[in-house]
Amino acid sequence: MYNDIEKYGENGRVIYHGDALKVLESVPNESVDLIFADPPYNIGKNFAGRKDKWGTDEEYLNWCYQWINLCIEKLKPNGTFYVMTSTQFMPFFDIYIRKKMTILSRIVWSYDSSGVQAKNFYGSMYEPILFCVKDRNNYIFNYEDILVEAKTGAKRKLIDYRKNPPQPYKTEKVPGNVWDFARVRYRMDEYENHPTQKPISLLERIIKASSNEGDIVLDPFCGTFTTCYVAQLLKRKFIGIEIQEEYFKIGLRRLNLATEYHGEPLIKEQKNYEIKHEQPKEQLTLFQHGSNI
Ligand SMILES: C[S@@+](CC[C@H](N)C(=O)[O-])C[C@H]1O[C@@H](n2cnc3c(N)ncnc32)[C@H](O)[C@@H]1O
C-alpha cells in the first residue's frame, strides 16, 4: 500500500493524492451519499507508468474486495454504489456484492468501435456497470432529472387508443439499462491525457439520478476526476482519490483547486492540432523577399 497522502480543497470539495484503501479508511462510516468506483480493470493498461495488472486473478479480486467492503461501510444507509470493471471480472463483483447490497440494475455502457478492430473474435464494445443500493426501500432515484427521448420510430405523434379518452404517447422515458455514450476522444474538449477517461455525460446521468444538491459523492479511483468535475457542476460535494501524481494534477486544474503544484504551473497540455508549427527558416526568408515559391 502506498502510504503518503496529500489533500487539497475544503468545504466539501476535497481531493486526495494517495492510495484508495488508505484514504477510504479515514472517511467516517455511513457518511457518503453516492460512490462511483471505476478501478483499474486488471487488463494491462498503463496508468502513467503504473501497470494495471495483478499477478493472478485472485490477487486482483482480493484487492477489489477490500475497497468494495470499505465503500459499502462508508455509504449512508440510503446510499448508492455504482461500480465498474472489465467484462471478465464483473461476474465476480456481482456475486460478491449481491450478498451485501441490492443490485438494482446491471448496466451496459455501449459505445462505438475504437480504431483497433478484433479480427479473430467479437470486439469488446461495452463496459458493465453495477447499480447497487444498501436499502431497496430507501434510496435516491431522481428519474425525472434523467429522462431521455422515447424513440417510437414513428414520424407522426402516436396516440394510445387504449386510454379513455385516447392520449398521445409520452415523448420521454427513464433510460433503460443499455446506455449509449460516445467514449472520450482526443478531439473532444473534455479530453485529458489518460487511457480510460469516462465521459461527462455518463457521470451526469449517474450523479443526477442518485444524489441531490449538497450530497457527498465519492470516487476512489479518480483518473481525470470526471466524477468530481461533474459533481461540482451539479452542486454536489465531493471526495476524490487518485494515486498517480500526473492524474492528481489534472484534478487540481480541472476542479480549480490550485493553479500550481509544488511550484509547477498547472496548464492543460495543448493538442497537436492546436500547436501552430513554426515555418522552416528557409521558407520564411523566401517569403520575406517577396518570392512565392
Ligand atoms: C479506470 S481509471 C479511472 C478513470 C476515471 N473514472 C476517469 O474518468 O478519468 C483508474 C484510476 O485508478 C488509479 N489507481 C490505481 N490504483 C489506485 C489506488 N490504489 N488508489 C487510488 N487510485 C488508484 C489509476 O491511476 C487510474 O487513474
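Note that the structure is predicted; figures quoted are calculated from it, not measured.

What follows deals with the overall build of the protein chain. Scanning the protein chain from terminus to terminus reveals 7 helices and 17 strands. When the backbone C-alpha atoms are referred to their principal axes, the protein chain occupies close to 80 × 60 × 50 Å. Taking the contacts inside the protein chain whose residues are at least 6 apart along the sequence as the reference set, 63% of them involve residues at least 24 apart.

Below, the discussion takes up the domain arrangement of the protein chain. By domain assignment, the protein chain separates into domain 1 (6-140 + 177-288) and domain 2 (148-174). Between the C-alpha centres of domain 1 and domain 2 there is a distance of 37 Å.

In this section: the nonpolar core. Grouped burial of nonpolar side chains is what soluble globular proteins tend to show. One finds I35, C71, F81, Y82, L130 and C228 to be the most contacted residues of the largest nonpolar core, which totals 55 residues. Every residue in contact with L130, bar those within four places of it in the chain, is listed here: Y82, V83, F93, D94, I97, I103 and R106.

What follows is about unusual backbone geometry. The amide bond that connects N164 to the next residue, P165, takes the cis arrangement and shows omega of 0 degrees. Within the secondary structure, P165 is located in the loop between strand 10 (159-160) and strand 11 (167-168). Positive phi is not limited to glycine here, since E30 has a value of about 50 degrees. Note that E30 resides in the loop between helix 1 (20-26) and strand 3 (32-37). Its identity is not glycine, yet H262 carries a phi of approximately 45 degrees, on the positive side. Checked against the element boundaries, H262 lands in the loop between strand 16 (260-261) and strand 17 (264-265).

What follows concerns the site of the ligand. In the vicinity of the ligand, 21 residues are found, and the nearest of them are A20, K198, F221, G223 and T224. Looking at the shell around the ligand residue by residue, the classes come out as 9 nonpolar, 7 polar and 5 charged.

Another aspect to go through is helix 4 (residues 200-210). The set of residues buried in helix 4 consists of L202, L203, I206, I207, A209 and S210. For helix 4, the arc enclosing every buried residue in end-on projection is 170 degrees, short of the 170-degree limit, so these residues lie on one face. Residues of helix 4 that are buried make contact with strand 3, strand 6 (75-84), strand 7 (102-110), strand 13 (178-180), strand 14 (216-219) and helix 5 (226-233).

Burial of strand 3 is extensive: 6 of the 6 residues sit out of reach of the surface. Sheet topology places strand 3 next to strand 6; 5 bridges connect them, and they run parallel. The residue of strand 6 that forms the bridge with A37 is V83. Pairing of strand 3 with strand 14, which is carried by 2 bridges, proceeds in the parallel orientation. Following the sheet pairing, I35 is matched in strand 14 by L218.

Turning to helix 2 (residues 57-74), a few remarks are in order. An α-helical segment advances 3.6 residues per turn. Residues three or four places apart therefore align on the same side. Its 18 residues give helix 2 an end-to-end C-alpha distance of 26 Å, which sits within 8% of 26 Å, the value for a rise of 1.5 Å per residue. Buried within helix 2 are the following residues: Y60, C64, W67, I68, C71 and K74. Across the axial projection of helix 2, the buried residues extend over an arc of 120 degrees, all falling on one side. Exposed residues pointing more than 90 degrees away from the buried face of helix 2 are listed as E58, E59 and N62. Summarising the contacts, the buried residues of helix 2 are in contact with helix 1, strand 3, strand 6, helix 3 (90-97) and strand 14.

It is worth spelling out the sheet that holds strand 3 at this point. What the 9 strands build is an open sheet, ordered 1-2-15-14-3-6-8-7-13; its pairing is mixed. Unpaired on one side and paired on the other, strand 1 (6-10) and strand 13 mark the two borders of the sheet. Averaged over all adjacent pairs, the angle separating strand axes in this sheet is 15 degrees, with direction ignored. Here strand 14 pairs with strand 15 (residues 237-242) via 4 bridges, running parallel. Its bridge partner lying in strand 15, V217 is registered against F238. Along the sheet face, helix 3 touches strand 6, strand 7 and strand 8 (126-133) and points at about 5 degrees away from the line of strand 8. Against the sheet, helix 4 touches strand 3, strand 6, strand 7, strand 13 and strand 14, its axis set at about 155 degrees to strand 3.

Inspection of the secondary structure puts A182 in the loop between strand 13 and helix 4. You can call A182 exposed: it has 11 C-beta atoms within 10 Å. As a C-alpha pair, A182 and N272 span 90 residues in sequence and 22 Å in three-dimensional space. Among residues more than four places away in sequence, those in contact with A182 are Y111, D112 and P199.

Take the pairing of strand 15 next. Looking along a regular strand, one sees the side chains alternate between the two faces of the sheet. Summarising burial for strand 15: 6 of the 6 residues are buried, a large majority. Here strand 15 shows a buried face lined by K237, I239 and I241 and a second buried face lined by F238, G240 and E242. Pairing geometry for strand 2 (residues 13-17) and strand 15, over 5 bridges, is parallel. When the sheet's bridge partners are listed, I15 is paired in strand 15 with G240. Assessed by its sense of winding, the connection that carries the chain from strand 14 through helix 5 to strand 15 is right-handed.

Parameters and conventions
Residues numbered from 1 in each chain as written. Predicted model: local features only at pLDDT ≥ 70, side-chain atom pairs only at ≥ 80, totals over all residues. Helix = DSSP H or I, 4+ residues; strand = E, 2+ residues; numbered from the N terminus. Contact = placed C-beta atoms within 7 Å. Domains from an automatic or database assignment. Core = buried A, V, L, I, M, F, W, Y, C linked by C-beta atoms within 7 Å. Buried ≥ 20, exposed ≤ 12 C-beta atoms within 10 Å, placed from the backbone. Near = placed C-beta within 6 Å. Nonpolar A, V, L, I, M, F, W, Y, C, P; charged D, E, K, R; others polar. Arc of directions from axis to C-beta. Pairing = 2+ DSSP bridges. Expected span 1.5 Å × (residues − 1). Axes fitted to C-alpha atoms, helices over the stretch in contact; angles between N-to-C directions. Right-handed = clockwise from strand over helix to strand, strands pointing away.

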